[in-house]
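# Coordinate analysis (summary)
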Amino acid sequence: MRPFLRTLIFLSISAFSLIPSAFCNAGENSTLHELRGVWITNVDSDVLDSREKIAEAMDFLAMTGINVVYPVVWNDAKTLYPSDLMEEEFGLRISSRFEGRDPLAELIVEAHRVGLEVVPWFEYGFAASYNKDGGELLKQRPEWKGLDQEGNLAKKNNFEWMNAFDPEVQDFLTSMVLEVVENYDIDGIQGDDRMPAMPSLGGYDHKTVAMYREEFGQDPPADYKDPEWLQWRADILSDWFEELSDAVHAVDPNLTVSSSPSVYDWSLREYLQDSKTWVERGIVDSIHPQNYRYELDAYKSTLDSLLAQHDFDKTTFAPGLLTNVGSYRMTPEYMLEAIAYNREKGVPGEVHFFYEGLRRNSNELAHLLRRGPYALPAEIPYRAGMKWRPVPYQVQAVAERGTGTWTKPSGAALDKLQLAKGEEGTMTWTLTAPAVDGVYNAYMLYPGEAQGDTAAVTYKLGSDAMQVDQSTVEGWTKVGQTRLAAGEEVQLTMEATGPAVAGPVLLLIDRKAMRR
């Protein structure tokens, strides 16, 4: 057990006393269906700065009872994954902070390793910059600017905006989302209060004005909050969102299209987000309005209003909880009572903004979740009992160095094997597929240090064979792929001439490889 996990075992009596009895008395044999999500950011957080930190965070969240993570992949006009699209359009493949790595790929393996779903979050959406006058993106693409009535760059709450009504801008964002959908084994995608969105003060650029004139034979109203003008622009965004949702589902109908908009109908008046229409038209599979209120009474009244305004299928609804931002931190009492109120109203879940809030004050809020409302495991409601991410097969522990052939029978403890220079060895693991038919990938965990002059090592998984240069890899590295029936055994064999190492082995379902 890792040292940090030992800190999660006990909860103080005083903190435990805060937990409502409704949570403590849940039946042990009950199957809960709740969405328990957490946003992972690159602001005020260093989780994404290394694979080790990502792995530790995923272990921590799984033990806390979380079942979905929403990692940021697009903000400040940069991607947090290597993007061919961004390199072609703007000459910037990935945020410089993560150059040479792929934090999204690392997080996907580490999250799936502990059974968490991964829904990449396109945080900035149609926003180009924050207090940068459009930044590098609009410097290179000035024609993409969203404009207000005075012809100035659309700006609200210090965010500067692209023109969300411009088909060229829409195609750019659609291409970015599909790039992630098509290249990564993810479980869905998420927009927020900036995707789709546009400050209602915008829409006065020549393209949008021309569209309005063509339809109505006159210029748009000078009052940017004119109800019909608001709805006309909101409908453009809703139509784009529906097209995006259809495109994502065309790749894989099991991917969830998630949204975390501002609270309706403030969202419509201020940012042209008609989330009521998104729900009614079935554009979103899962929706998490940002019920970010600093007082419990305000949280309750806003939740009541949301439930009254929307005809939610409650399996799709899980409001956002503000656990931490700036100097604000949600109190344990507030968090537990808010979750209890959600359940009282038949709301099966919530999403926490953001990860670091669970870790403040020696992981206080995470302790309470683990001992209280999240004490029992929960299946994600919109999966309807589907074994989408079955618990993977994993091998850990330590083996002695030696020469010859080593066999790893199913269930035996064997982890690291080292071969000295010139030594030849074969190592075999017998792996068992979980109770789901599918395509599975085998991964091996490599240490960070390069392995000297190691040549390519050959791996065989069933009928599949591939080579890996151990001197260039780090972290969980794919070493084979095969299709398996539920419970079927398969042998993974490594053939090498030293220097070489063998580390822990992981067998994960690959939903991307199973797409039609």
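That block above? That's the structure.
About the criteria used
- Residues numbered from 1 in each chain as written.
- Predicted model: local features only at pLDDT ≥ 70, side-chain atom pairs only at ≥ 80, totals over all residues.
- Heavy atoms only, no water.
- Helix = DSSP H or I, 4+ residues; strand = E, 2+ residues; numbered from the N terminus.
- Buried < 20%, exposed > 50% of the residue type's maximum accessible area, 1.4 Å probe, protein only.
- Areas by Shrake-Rupley, 256 points an atom, 1.4 Å probe, with all protein chains shown as cover.
- Core = buried A, V, L, I, M, F, W, Y, C linked by side-chain atoms within 4.5 Å.
- Contact = heavy atoms within 4.5 Å.
- Salt bridge = Lys/Arg side-chain N within 4 Å of Asp/Glu carboxyl O.
- Pairing = 2+ DSSP bridges.
- Axes fitted to C-alpha atoms, helices over the stretch in contact; angles between N-to-C directions.
- Left-handed = near helix turned anticlockwise from the far one by under 90°.
- Nonpolar A, V, L, I, M, F, W, Y, C, P; charged D, E, K, R; others polar.
- Parallel < 35°, antiparallel > 145°, perpendicular 65-115°, else oblique.
- Phe/Tyr/Trp six-rings, centres within 6.5 Å; stacked < 30°, edge-to-face > 60°.
- Lys NZ or Arg CZ within 6 Å of the ring centre and 35° of its normal.
- Polar contact = N/O pair within 3.5 Å; in protein donor to acceptor, adjacent residues only side chain to side chain.

### A word on the overall build of the protein chain
Each helix and strand counted, the protein chain has 15 helices and 28 strands in total. Considering the protein chain as a whole, with its 516 residues, one finds that 58% of them fall into the buried category. Looking at the protein chain as shown, the accessible area adds up to about 21,000 Å², and 47% of this sits on carbon and sulfur atoms.

### Examining the nonpolar core
Within the largest apolar cluster, 121 residues are counted, with the highest numbers of intra-cluster contacts made by Met58, Leu61 and Trp74. Among the elements that take part in this core, helix H10 (residues 227-251) stands out by supplying 11 residues, more than any other. Excluding its chain neighbours within four sequence positions, the residues that come into contact with Met58 are Ile40, Val69, Leu107, Glu110, Ala111, Val114 and Leu116. Ala433, Val457, Val479 and Ala502 belong to the second-largest nonpolar core, a separate cluster that totals 27 residues.

### Digging into the pattern of salt bridges
All chains considered together, the criterion is met by 34 salt bridges. With its nearest N and O atoms 3.5 Å apart, the salt bridge here joins Arg269 to Asp265. For Arg269, a relative accessible area of 35% translates into the label partly exposed. Classification of Asp265 as partly exposed rests on a relative accessible area of 31%. The shortest N-O distance in the salt bridge between Arg343 and Glu350 comes to 2.7 Å. Members of the salt-bridge network, linked through shared partners, are Arg51, Glu52, Asp59, Glu110 and Arg113.

### Topic: the sheet that holds strand E9 (residues 159-161)
Ordered in space as E7-E9-E8, the three strands form an open sheet in which the pairing is antiparallel. For this open sheet the edge positions go to strand E7 (127-130) and strand E8 (155-156), each flanked by a neighbour on one side alone. In terms of strand pairing, E7 meets E9 through three bridges, oriented antiparallel. Residue pairing in the sheet places Ala127 in a bridge with Trp161 of E9.

### Focus: the sheet that holds strand E10 (residues 188-191)
Strand order in the open sheet formed by three strands is E10-E11-E12, and the pairing between neighbours is parallel. The open sheet has two edge strands with one neighbour each: E10 and strand E12 (286-287). Bridge count for strand E11 (residues 256-259) against E12 is two bridges, and the pairing is parallel. Counted as the bridge partner of Ser258 is Ser286 from E12.

### A look at the packing of helix H14 (residues 332-344) against helix H15 (residues 355-371)
Viewed as axis vectors pointing N to C, H14 and H15 meet at an angle of 35°, and their least axial separation amounts to 10 Å. Crossing angle aside, the handedness with which H14 passes H15 is right-handed. On H15, the residues touching Pro332, Met335, Leu336 and Ile339 of H14 are Glu364, Leu365, Leu368 and Leu369. Per-class residue counts for the contact of H14 with H15 are seven nonpolar, no polar and one charged.

### Things to note about the packing of helix H9 (residues 206-216) against H10
Any two packed helices are characterised by how steeply their axes cross, that is the angle between the axes, and by the distance between the axes. Taken N-terminus to C-terminus, the directions of H9 and H10 make an angle of 110°; their axes are 12 Å apart at the nearest point. Classed by the angle they form, the pair H9 and H10 counts as roughly perpendicular. Note that H9 runs across H10; the crossing there is right-handed. Seen from H9, the contacting residues are Thr208, Met211, Tyr212, Glu215 and Phe216; seen from H10, they are Trp229, Trp232 and Ile236. Partitioned by chemical class, the residues of the contact of H9 with H10 number six nonpolar, one polar and one charged.

### Structural notes on the packing of aromatic side chains
The description of an aromatic ring pair rests on the distance of the ring centres and on the angle between the ring planes. Going through the model one piece at a time under the given rule, you end up with 27 aromatic pairs. Note on Trp39 and Trp121: the rings are 6.2 Å apart at their centroids and 55° apart in plane angle, and the pair reads as tilted. Of this pair, Trp39 sits in strand E2 (residues 35-40) while Trp121 sits in the loop between strand E6 (117-118) and E7, and the two are 82 residues apart along the sequence. The pair formed by Trp39 and Trp121 is uniform in burial state, with each residue classed as buried. Residues Trp74 and Phe172 carry aromatic rings whose centres are separated by 6.0 Å and whose planes lie at 70° to one another, so their mutual orientation is edge-to-face. Here Trp74 is found in strand E4 (residues 74-75), whereas its partner Phe172 is found in helix H8 (residues 167-183), with 98 residues between them in sequence. Take Trp74: its relative accessible area is 0%, and that puts it in the buried class. A relative accessible area of 5% places Phe172 in the buried class. The residue whose ring lies beneath Arg359 is Phe60, and the NZ or CZ to ring-centre distance is 3.6 Å.

### Brief notes about the side chain of Ser245
Looking at the secondary structure, you find Ser245 in helix H10. At 2.8 Å, the side chain of Ser245 and the backbone oxygen of Ile283 are in polar contact. When residues no more than four places from it in sequence are discounted, the contact partners of Ser245 are Val257 and Ile283.

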